Amino acid sequence: MRLNFHRLDFRFIFFLSLLMAMMSSCSLFHKTVVTNYPHTKPFVFGNSITLNANTTKDEKIRLIQELNNYWDDSLRVNKIQQFGFLYKIKNPPVFDSANIVRSIGFMNAYLNSQGYYYATFADSVKIDTVKDQLRANIHIIIDAGKNITIDSVSYDMGDSTLQKLTRDAAANTLLKKGAPYTKQVISSELDRLVNIYRQNGFYRFTREDILAEVDSVDTRLLQLTLDPFKQAEIIADAAKARKENPTWDIRVFKVPTFDSSRLRQYYIGRSYYYPETKFSDNIDSLPRQKDFLEINRRNLTMRYKKGLFNYRPLREHTYLKNGDLYNENNYFKSINSLGQLGAWQQVDAKPQIRNRDTLDLYFFLVPAVKQSFTFNQEVSLNTSDIGQTNLWGLSSSISYNNKNVWKSAIQSIATITTGVELNLLTGNQNSTFQTFLVNVSHTYVFPKLIVPFNNWKALNKLDNKRTLFTVSGSYIDRKDYYQLRSLVTSWGYEWKKGNNVWLYKPLNVELYALDTLAGLDTLFKYNPFLRASFNSGKVISQTLLLTKNFTNAKHPNVTHYIRMGVEEAGGLFGLLGGKIRNDIYRYIKVEGEYTQTIKMQKAELAFHAFAGIGYNYGTDTIRDKTLPFFKQFYAGGPNSMRAWGLRQLGLGSSRQSESDTALNTYRDRFGDMRLEANIEYRFPITTVAGFKITSALFTDIGNIWDVRKNAINPDAQFSFKNLARDLAIGVGTGLRIDFNYFLLRFDFAYKLKDPGREYNNGWATTFQWFENRKNGLQINNVAFQLGIGLPF
């Protein structure tokens, strides 16, 4: 089947896709429908703001976005986006010019809070007649004037200890000479100081005890003179300076108080734990009850009735010890750390003053359900590149979770997973069942780092510390080609510091046994380069993984995700001689991933990049030419290069896997290197029965390669000079249905540039559902993908 569209250049298709994106994002293409509007009176149809301010572009965008939140309610336009580029306004308010005055008042107050005290406003109203509609568009022009800057800052805490703490932390002050003045920066500075004091024992010190005083008076106006002309000159000079370079002085001081306890430093006394608290318990009365059993260890008391928990995880995850100065950061860190163990579903705490300067801590912990079962099922669809094969992936898993093994908040997770790949439309495949897999795994999660150097103080600075021990076994049957059995065990440590989550596995042992079947043996005869990937061996490795999620304070609508990992295998054990050295793989593998998501008013723009490379430095002349195939990279499928089927892209510009249409029915492709970049524009369409329906336009660019030179398959090797030739490009669109608890995704993608295409450097010139290679092999140019969740 072939659609030619009168031999139109494919750039026309690309232009249409670009036009759709413009229609969904540009107001030029937006069509607005108004319902339930007043027929004889002007109604609010639109509003806009023009801001003139001597500031950066990003700051101006931020100010305009914030100012739009200060329109009076009667001037707001509630537009509902439908189908990407259609808008609907329902029940628009009647226009009243008095509401403009109120809006200007709200906007001026906001600008004052941002340090703009000399803003001027001008407004205009344009009423358009559309049939029987009187559409009022309100426009406000704001000249923000000069932003107030800080001239000088002084601190008067009235207490030597507070003054010293303030002076020691002066380098981090938010109030700097010449910096813009805003009420927010004043508030943030006061919060910073209060936090410093409460980290150093001042438990009762609050925001009510500290104030900032702003002095906007020009000292020249305080000069005494009897000459009226001189006085007028001074006033004029002051007014000119205030307009051209307005500056204010700021004084931060402690509010006088008669309560000396607010200026007292408190020390940690005894910690009390109630690990069997019920939701119905009154935590204020629990410490007075006498029917508890107790365990006392040094300055720790655990009070209980049933004996469901051990005291050790409670002690290990409390970051305030007897004799320490009260530190509010460590107080909340203790609450969060205990809550994240999993053994308790809610953790509350209450400090209690004892004697003059002692704080006892009371922790009330509500147990979580100890044992639970979860069942998950996943479905995926991807169309093969060759013939009319459609592979449906079905997988099911059941997990058992015990959150309090040995009464020590240790988690035990056992999971059984089964899955199949089904060929529902038989093309060049001759069986419905393509792949069968089963996996059984068991993981113990210990709520601490089990290491020989427990007294290392650096460990106290880490959060969410866990030790993980995992054992898993799997069986994969790729019909007619191979059967793979594996046993994997690992010991690792996970911790968090700031936004960084680290996972280090110092020992990871993987045992594999591969049985090649008749189909794969036949492939080896015609494609001997595959023999290097399909072999058995052992992996003894260590891995390090870093993941990070963060947003920038200046751009809160932009989120970033970073993942970087490295795996090294056989470096130490490979130095040994004999059978051990011959049986283990020796390689290093590095990969990195980055995702950036930009949230706009209605839409979302997402960027994603992935890079990975592995190098086998073993000495076996056959086995060690590449990574083992279960460690290699692949591309294609619902989450990667969506114009290609799962594992159907690559390697490089090689056409080796398409060389024989009769004998080469195994199309899975693996490589030692992968590069990929994706961009996706996501926009809403409509809402049906409470479920959001959205769409997306996307482009995927990437491929996989071999790292070492292969004389049999030279086009599979990565080379910078051939990078432009080797890169594949897919474009497409999709439909997403958000069921709140999961998202169902349907993607349609087209191969804009296929390295395997034998003409025009791989670029498509006409739209074709299929195309035929020179050897008669029919290749799909389109792919339909079904996935769960977003691709990245």
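As a starting point, this report considers the structure included with it. (Residues numbered from 1 in each chain as written. Predicted model: local features only at pLDDT ≥ 70, side-chain atom pairs only at ≥ 80, totals over all residues. Heavy atoms only, no water.)

Some remarks on the overall build of the chain
Part 1 of the reasoning: Along the chain, the regular secondary structure elements total 11 helices and 32 strands.
Part 2 of the reasoning: Buried positions account for 45% of the 792 residues belonging to the chain.
Part 3 of the reasoning: For the chain, restricting intrachain contacts to residue pairs at least 6 apart in sequence, the fraction spanning at least 24 positions comes to 65%.
Part 4 of the reasoning: Entry remark: accessible area of the chain is about 40,800 Å², with carbon and sulfur atoms responsible for 57%. (Helix = DSSP H or I, 4+ residues; strand = E, 2+ residues; numbered from the N terminus. Buried < 20%, exposed > 50% of the residue type's maximum accessible area, 1.4 Å probe, protein only. Contact = heavy atoms within 4.5 Å. Areas by Shrake-Rupley, 256 points an atom, 1.4 Å probe, with all protein chains shown as cover.)

Comments concerning the pairing of strand S25 (residues 604–616)
Part 1 of the reasoning: Here S25 shows a buried face lined by Glu 604, Ala 606, His 608, Phe 610, Gly 612, Gly 614 and Asn 616 and an unburied face lined by Leu 605, Phe 607, Ala 609, Ala 611, Ile 613 and Tyr 615.
Part 2 of the reasoning: Relative to S25, strand S24 (residues 587–599) is paired through 13 bridges, and the arrangement is antiparallel. For Lys 599, the partnering residue across the bridge sits in S25 and is Glu 604.
Part 3 of the reasoning: Bridge analysis of S25 against strand S26 (residues 673–688) gives 10 bridges, and the strand direction is antiparallel. Paired with Glu 604 across the two strands is Arg 682, which belongs to S26. (Pairing = 2+ DSSP bridges.)

A look at the packing of aromatic side chains
Part 1 of the reasoning: Counted according to the given criterion, the structure contains 34 aromatic pairs.
Part 2 of the reasoning: Plain terms: the ring middles of Tyr 634 and Phe 670 are 6.5 Å apart, the flat faces sit at 85° to each other, and that makes the pair edge-to-face. Residue Tyr 634 is found in the loop between S25 and S26, and its partner Phe 670 is found in the loop between S25 and S26; the two are separated by 36 residues along the sequence.
Part 3 of the reasoning: Of the aromatic side chains, those joined through ring pairs into one cluster are Trp 406, Tyr 444, Phe 446, Phe 469, Trp 491 and Tyr 493.
Part 4 of the reasoning: Above the plane of the ring of Phe 292 lies Lys 305, whose end atom (NZ or CZ) is 5.1 Å from the centre.
Part 5 of the reasoning: The ring of Tyr 319 carries the charged tip of Lys 333 above its face, separated from the ring centre by 4.3 Å. (Phe/Tyr/Trp six-rings, centres within 6.5 Å; stacked < 30°, edge-to-face > 60°. Lys NZ or Arg CZ within 6 Å of the ring centre and 35° of its normal.)

Remarks on the packing of helix H2 (residues 57–67) against helix H3 (residues 98–113)
Part 1 of the reasoning: Direction vectors running N to C along H2 and H3 enclose 140°, while the axes themselves pass 10 Å from each other. The orientation of H2 relative to H3 falls into the category oblique. The hand of the H2/H3 crossing is right-handed. Of the residues in H3, those in contact with Arg 62, Leu 63, Glu 66 and Leu 67 of H2 are Met 107, Tyr 110 and Leu 111. (Axes fitted to C-alpha atoms, helices over the stretch in contact; angles between N-to-C directions. Parallel < 35°, antiparallel > 145°, perpendicular 65-115°, else oblique. Left-handed = near helix turned anticlockwise from the far one by under 90°.)

Remarks on the sheet that holds strand S9 (residues 247–254)
Part 1 of the reasoning: With respect to topology, 3 strands assemble into an open sheet ordered S7-S9-S8, the strand pairing being mixed. Either end of the sheet is taken by a strand with one partner, and the two such strands are strand S7 (149–156) and strand S8 (210–215). Each strand axis lies, on average, 20° off the axis of its neighbour in the sheet, ignoring direction.
Part 2 of the reasoning: Of the strands in this sheet, S7, S8 and S9 touch helix H5 (residues 183–198), which is tilted by about 145° from S8.

A closer look at the pattern of salt bridges
Close approach of charged atoms allows side chains with opposite charge to pair.
Part 1 of the reasoning: A complete count under the given rule lists 37 salt bridges for this structure.
Part 2 of the reasoning: Residue Arg 354 pairs with Asp 360 through a salt bridge whose shortest N-O separation is 2.6 Å.
Part 3 of the reasoning: Judged by relative accessible area, Arg 354 falls into the partly exposed class, the value being 36%.
Part 4 of the reasoning: For Asp 360, a relative accessible area of 3% translates into the label buried. (Salt bridge = Lys/Arg side-chain N within 4 Å of Asp/Glu carboxyl O.)

Focus: the packing of helix H4 (residues 160–168) against H5
Part 1 of the reasoning: The geometry of H4 relative to H5 is characterised by a closest axis approach of 10 Å and an angle of 120° between their N-to-C directions. Classified by the angle their axes make, H4 and H5 are oblique. When you trace H4 past H5, the crossing you get is right-handed. For the pair H4 and H5, the contacting residues are Leu 162, Leu 165 and Thr 166 in the first and Leu 193, Ile 196 and Tyr 197 in the second.
Part 2 of the reasoning: Taken together, the residues of the contact of H4 with H5 break down into 5 nonpolar, 1 polar and no charged. (Nonpolar A, V, L, I, M, F, W, Y, C, P; charged D, E, K, R; others polar.)

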